[in-house]
Structure formats: C-alpha cells, structure tokens
Amino acid sequence: MEIIVLIKATPVLEEAKISEDGKSLDTSELKFFINETDTYALEEAILKKEKYGGKVTVVTIADSSIENDVNEMIWESYAKGADDGIFIEYSNVYLDPYAKAKILSDFLKELKFDLILLGAQSTDTSYSLLGQLLAKSLDLPYTTLVSSIEPSGNVLRVVRELEEGLQEVLEIPTPSILTIQSGINTPRYPPFVKIRNAKTRPIKKVPVESIVNDPGQYVKLKRVRLYIPPSKGAANIIKGEPEEIAPKVAEIIKSVVPR
Amino acid sequence: MEIVCVGEIFNGDVSGSTYEALYLGNQIKMENGGKLTLILAGKDPEQFSKKLSIKGLDNLILLSNPSLEIYDNESYSSSISNEIKEISPDVIIVPYTSQGMDLAPSIAHLLGFPIITYCESIKFSRKGWLATRVIYGGKLREEVEVEGNKVLITIRPGDFPPLREEAQTNIIKKNVSISRGRIKPIEIIKPALEDIDITKFDVLVSVGRGIGSKENLEIAEELAKMLNGAVSCSRPIVDMGWLPKTRQVGSSAKTVKPKVYITLGISGATNHINGMKNSNTIISINKDPFAPIFEISHYGIVADINDLLPLLLEELKK
C-alpha cells in the first residue's frame, strides 16, 4: 500500500503571546511537534506498511520560520519508519484549510497513492477540514474519526468512532482519504540512535510558489482577530508549597463532598 | 433571512445537539428576522414529528428512505443538499458531532457554501459572516470572516442550551431517492455494558494526561473510594489504555453532573468541559496556571499532581 500521511506542526502552548498585528500567534519562543492525532495517522500508516508492504510518505505544509522543528518532525517520522518526507514551505502568508487543500491537491494529484491519512483534528486551529476539502478537490471518498482500518478484498473495512462509545462500520474503496482518531494504535517512540541516523536522510523541500501562485488568494476563512480570552480564572485559586496547600485542599474536599 | 439547521438521529433518537443547533438558529432568526427550517434525514424520521414541533421552528422537513438507516457521507450529503438548494438559505447550522464533522464539509461543497467549523458564535455584519472560534485547546479565540452572505457553520455540542418548547410547526414529509455512492455503511456497534455508570455517582475524581503515572491513577482510585465516588477521565487516558472508554467524560463521550467533580491533571479541552461544566462543585488541580479548566472551576489548585496527590490522600485519611 502506498500511503501518504499529512502531518501538521503544532506548538505546545502554555502562556500564549499574540503578535503585534493582532491576528497571529507569536511563535518565536514556541516549539513545534507533530500534531497529536497525526502521530496516530503516521503510526497506522507504518503498521500497514509493515503488514502489507508498500511505502509511507509524510507531507507537511509549514511556515519556513519553523524550519528546524519541521525538519525534526520529518526525521522523527523517518526514525519511526516513514520512507520519504516532503516539506512544502511558505512564508509571510496565513493559510487556511481551503488554501492548504488547494496546494495539496495540486501537488498530490501528480503522485500515485492508495491512501491519504491525517489526524482527525489539530490541537491548534481545530478545523477538522483539510482531509475533507482535499477529498472533494481530488474527487476521492473520505471518512473521518477512523478507529480501525482493515483491507477486505479490494476495499477497506473501516470503523468510525461515534459518540457515547458507539461505532460505525463501513466499507470504502481506495484511493481514499481517512482522518484518524487518537487511540487507534499506540504510537511508537523511536530509539535515539534511529533518530540520529535519520538526520542524515534528505528532506524534499518544495516552495509553495512552485505549486500555486500567490497561495493567499485561496484563503476563504480570513482570520481578522486572534486574542486571549479574558480570564476570570477559578473562583478560588490556591497555590503554594504542596505541604502547605494539601491540608487546605483536603478541607475544601471535605466541605463539599456529601456524607 | 433563511436559516436551515441539519438535525441528526443518534442511537434511535434525535440528538441533543440538534436542539442546540435550533437554539442558535432561532437566535439568528430573532436578530435578523426570517424563517427557520430543520432538515432531518433517516429511515423513518416521521416518528419524531411531534417532538420536533418546536416554538420558533417554522418548517420541519423529514427526508426518508430505508437506505438512510445508517449514516453514510454520500447518501446523506446528496439528499440533504438537494433539499437545502430549494430553500436557498443564508446560513446553515450543523452540529459538530461525529456525523457533522463528516457530513458538513460535503454539504458545503455540494452547495458551494464556505464552511466554518467549530464555531462558538456567529454574527452577520455588512461584510459577511463573522464567527468566533475557540482554538489552541481553549487558550485562544479567533474571529474568522467569510465574504459574501452565505455560510455553513458547525457548532460544538454543549455550547448552546436546547430549544424545546412545543408548538405548531409546519411538517413536510418527503420520500427521497438514494443512489449509493462509493461508501457502503455496514452496521452500528453498541458498546458492551460491563463497567460502572459514571453518570450515577455524586462524586467523580477525574484524571487527565497530567496524572503522569499509573501509580497516581491508583491514588486517584483510592481517593475516589474514600469519597464514595468513582474515577472518570479525559480522552488521553483512554487512548493510553489506562481506563476503559466507559469512564471518559466529554460531549462526545459521557456528560456528567455530579455534586463534586475533582479533576487531576486535566487541562480542559472544550469537549471535556462541555461534558462536565454543569457539575455542582468543580475542584481542579493542574500545574499549568493557564489551563482552561480553571475558568470553569470553583476551586483551582495550581500544583504538581506528583507532589500534591500523596500528601492530599494522607490529609484526607486523618
């Protein structure tokens, strides 16, 4: 199976800082990692390759200002078992899922693949749209929130996670696009030596302009403002040394728990 | 203004999020005037006509076909969009559920509407539609604008109250024809009931990623036992296989309203918050002072679980 995995660089955010334009996140002090559900998509692709043969290619679209983190994401993917890594670079432009779907669709339509996998949702902008929009653009069937994939004859038998523990079983042909839910597998942690060796392998860098001119023109969801919501915090905040606050917390619990 | 909500049938009933979509639809109607229509597709949606005769809802369109018994993207999106086309709405509202996440982008595509997912609120301005979205796990908000006067939005379950007051609604029943596409729905699997029911407890001790180790999970179990409660959790704990799915709290898992809800290392993703925010007293322990869980907590304790939890247990034993 030839599988393409779309991975997204998402930051770990404690205290957020907004840039002066009021529309973007100040990323200068942030470290970016593979988006959580994308790690499950990548693992699923590698498991399928290990079982049925084939090739895994990771593709990411990211701002060139976070190049180092993106390189590390791809090296990590190699160390886990990905064969090729493609980094589509852009700069000085905000790209929404529509623009990214347009870029990926133009780029991927030239490639041969059976399956495109990506995480069901990103921890940053949480649109859950890229896979679906890309499927429309490439005229492929898609399904979302996938918690199991098994080849069955010439189709895939796929399980989707619904609410309240229910699941739906469906059949979908290839090529198709599946968005992966966390928990479908247990992503592996590659040993350090594998990561170190992976760093010698090339990453294919593709400037976005070589795929589409002026990618910003495809943006439909314009971010006009980004802000930190006014915090009211907890009604009562308790902080201090653990020894100091443990009795206080115990008192609170005792006072509210019904006897 | 023409407002259309897309309802959904889940596990044999109209989903709670359908009524929430209607609430937002009715709000938009009250602000801008116009008509509110609900479209519900299924094998036998007529059985819900009385339930869905709701004050504020002008038209209820029931689309039926035996092939619509189990959701599939292609049959649902084509039959629902065909119906929406007739109405030519300004705004379409779809719940952001497992079905909505799958279905809404296809409907938007078939109708040529832009789609904004995961919206907290929406308003119509001179330039077009402006939506507010909760992003970065609740730490940031963004305002997103689409040009033009048409939009499809998806809303997060639990963000709006339900619209349920019964009244007269104009009901239109239609048998639709379905031509099966590339996706073939097979069956719905229901979970085996072999665990406790966390919705029945007065006290829940809920653990999240920040719990750190399995040893701490054992302490949480002990704490819950001491308080006559049970241990529940957020999604990452289930993903790691530390607790069964039956213990997961969230708008996509189980919604709980205990007397006391104690969180240990839960940051407070929207899905989780919308599954527990109506608990009587919420006590949260998290080392990240910016964790969104504190926003809805009555008591917020900024501390490392590893340090505090053993001490807390000792104190409670006294």
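Residues numbered from 1 in each chain as written. Chains lettered and ligands numbered in written order. Predicted model: local features only at pLDDT ≥ 70, side-chain atom pairs only at ≥ 80, totals over all residues.

Draft legend 1. Summary view of the sheet that holds strand 15 (residues 260–264) of chain B. In spatial order, the strands read 13(A)-17(B)-16(B)-15(B)-13(B)-14(B); together these six strands make up an open sheet with parallel pairing. Lying at the two open borders of the sheet, with one neighbouring strand each, are strand 13 (236–239) of chain A together with strand 14 (230–233) of chain B. On average, adjacent strands in this sheet sit at an angle of 20° to one another, irrespective of strand direction. Sheet topology note: the strand 13 (residues 203–207) of chain B/strand 15 of chain B ladder contains five bridges and is parallel. Each residue of the ladder has a partner; that of B:Ser206, found in strand 15 of chain B, is B:Thr263. Across the sheet, helix 4 (residues 214–226) of chain B lies against strand 13, strand 14 and strand 15 of chain B, angled at about 175° from strand 13 of chain B, the strand it touches most. (Pairing = 2+ DSSP bridges. Helix = DSSP H or I, 4+ residues; strand = E, 2+ residues; numbered from the N terminus. Axes fitted to C-alpha atoms, helices over the stretch in contact; angles between N-to-C directions. Contact = placed C-beta atoms within 7 Å.)

Draft legend 2. Highlighting the pairing of strand 10 (residues 176–180) of chain A. Residues and elements named next belong to chain A. Counted residue by residue, strand 10 has five buried out of five residues, so it is predominantly covered. Alternating residues of strand 10 divide into Ser-176, Leu-178 and Ile-180 and Ile-177 and Thr-179, and every residue in both groups is buried. Pairing of strand 6 (residues 115–119) with strand 10, which is carried by five bridges, proceeds in the parallel orientation. Residue Gly-119 lies in a different strand from strand 10, and its bridge partner there is Ile-180. In terms of strand pairing, strand 7 (residues 142–152) meets strand 10 through three bridges, oriented parallel. Along strand 10, the bridge assignment pairs Thr-143 with Leu-178. (Buried ≥ 20, exposed ≤ 12 C-beta atoms within 10 Å, placed from the backbone.)

Draft legend 3. Seen up close, the nonpolar core. Grouped together as the largest cluster of nonpolar side chains are 114 residues, with contacts concentrated most on A:Val5, A:Leu117, B:Ile39, B:Leu152 and B:Ile153. Of all the elements, helix 2 (residues 67–80) of chain A adds the most residues to this core, at six residues. Counting 47 residues, the second largest nonpolar core, distinct from the first, contains B:Ile198, B:Ala230, B:Ile283 and B:Ile305. (Core = buried A, V, L, I, M, F, W, Y, C linked by C-beta atoms within 7 Å.)

Draft legend 4. Quick peek at the interface of chain A and chain B. In this assembly, 65 residues from chain A lie in contact with 71 residues from chain B. Those elements that provide at least two residues to the side of chain A that touches chain B are helix 4 (130–138), strand 7, strand 8 (155–161), strand 9 (167–173), strand 12 (222–227), strand 13 and helix 6 (242–256) of chain A. The element best represented in the side of chain A that touches chain B is helix 6 of chain A, accounting for 10 residues. Looking at the side of chain A that touches chain B residue by residue, the classes come out as 34 nonpolar, 14 polar and 17 charged. (Nonpolar A, V, L, I, M, F, W, Y, C, P; charged D, E, K, R; others polar.)

Draft legend 5. Fine view of the domain arrangement of chain B. Residues and elements named next belong to chain B. Domain annotation for chain B reports domain 1 (2–175) and domain 2 (198–317). Placing the centre of domain 1 and that of domain 2 at their C-alpha centroids yields a distance of 33 Å. Each partner contributes residues to the interface: domain 1 has nine residues there, and domain 2 has 10 residues. Residues belonging to the side of domain 1 that touches domain 2 are distributed by class as follows: two nonpolar, four polar and three charged. (Domains from an automatic or database assignment.)

Draft legend 6. Layout of the confidence of the model for chain B. Residue-level pLDDT values for chain B average 95, and 100% of them are 70 or greater. ipTM for the predicted complex: 0.94, alongside a pTM of 0.93. (pLDDT = per-residue confidence, 0-100.)

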